[in-house]
Amino acid sequence: MDTLAWDDLVDMLHPRTSVAYKRCPINFLKQHPSLEATLLADCNQDLDTAKALLERALHASERCQAANFYIQAVVTGRTTFLTTNLIGYGESLLNSIGCSWLIGRTSTCAISIKHESISRCHAVLGYHSDEGYYLTDLGSRNGTLVNHHKLPSSDRRILHDGDLIQLGKVKVEFFLASIDHRHAIFCENTSF
């Protein structure tokens, strides 16, 4: 199912929620007050920088070229969080602010993917301040690939903007948005 079809499905299920509303940075911040406080603090209270960073995160589906799903990672100094359309009928959903997120089929995983090829606890997506975002397979039954290369169990693979991740049979594009010490938003544009 392509991204447009996901958005159409969300609009049919939730007719009062338009795509424009869901992708508005200000409304997104209002729905996530804990993120609003930390994001603005990391951006030295510069609302324009925070909005630009969130715009990138909320419109990640438009960057998808190789998969229908994405994980958008964001780092703003001391704050790291993810948005993804893997859960919630294609809508960009915020995952908790943190430094590691369990991916798997069970509902207790931070990113729960209800697909038979996904193990209960399939992989971990994490962040380390010196290395950036990384992915580790947890001995999953159907494996994890990054840019078509199988990830050995328990090995840590550093992720880059545009990487293609395959968890079992589910393909996901990984995107990265960040701000540097001058608060200019940058995103790598590597291809695989």
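Since the structure is predicted, the reported quantities are computational estimates derived from the model, not experimental observations.

### Observations regarding the nonpolar core
Within the largest apolar cluster, 25 residues are counted, with the highest numbers of intra-cluster contacts made by Ile-71, Leu-125, Tyr-133, Leu-135 and Phe-174. Mapped onto this core, the elements with two or more residues apiece are β1 (69–75), β4 (100–104), β6 (123–128), β7 (132–137), β11 (164–167) and β12 (170–179). Membership of the second largest hydrophobic core comes to 15 residues, among which are Leu-29, Leu-40, Leu-54 and Leu-58.

### Quick notes on the pairing of β7
Across the six residues that make up β7, a large majority, six, are buried. With six bridges connecting them, β6 and β7 associate as antiparallel partners. Residue pairing in the sheet places Gly-126 in a bridge with Tyr-134 of β7. Direction of pairing for β7 relative to strand β10 (residues 156–158): antiparallel, over a ladder of three bridges. Looking across to β10, one finds that Tyr-134 is bridged to Ile-158.

Rules behind the numbers
Residues numbered from 1 in each chain as written. Predicted model: local features only at pLDDT ≥ 70, side-chain atom pairs only at ≥ 80, totals over all residues. Heavy atoms only, no water. Core = buried A, V, L, I, M, F, W, Y, C linked by side-chain atoms within 4.5 Å. Buried < 20%, exposed > 50% of the residue type's maximum accessible area, 1.4 Å probe, protein only. Helix = DSSP H or I, 4+ residues; strand = E, 2+ residues; numbered from the N terminus. Pairing = 2+ DSSP bridges.

In short, shape yes, function no, at least from these values alone.
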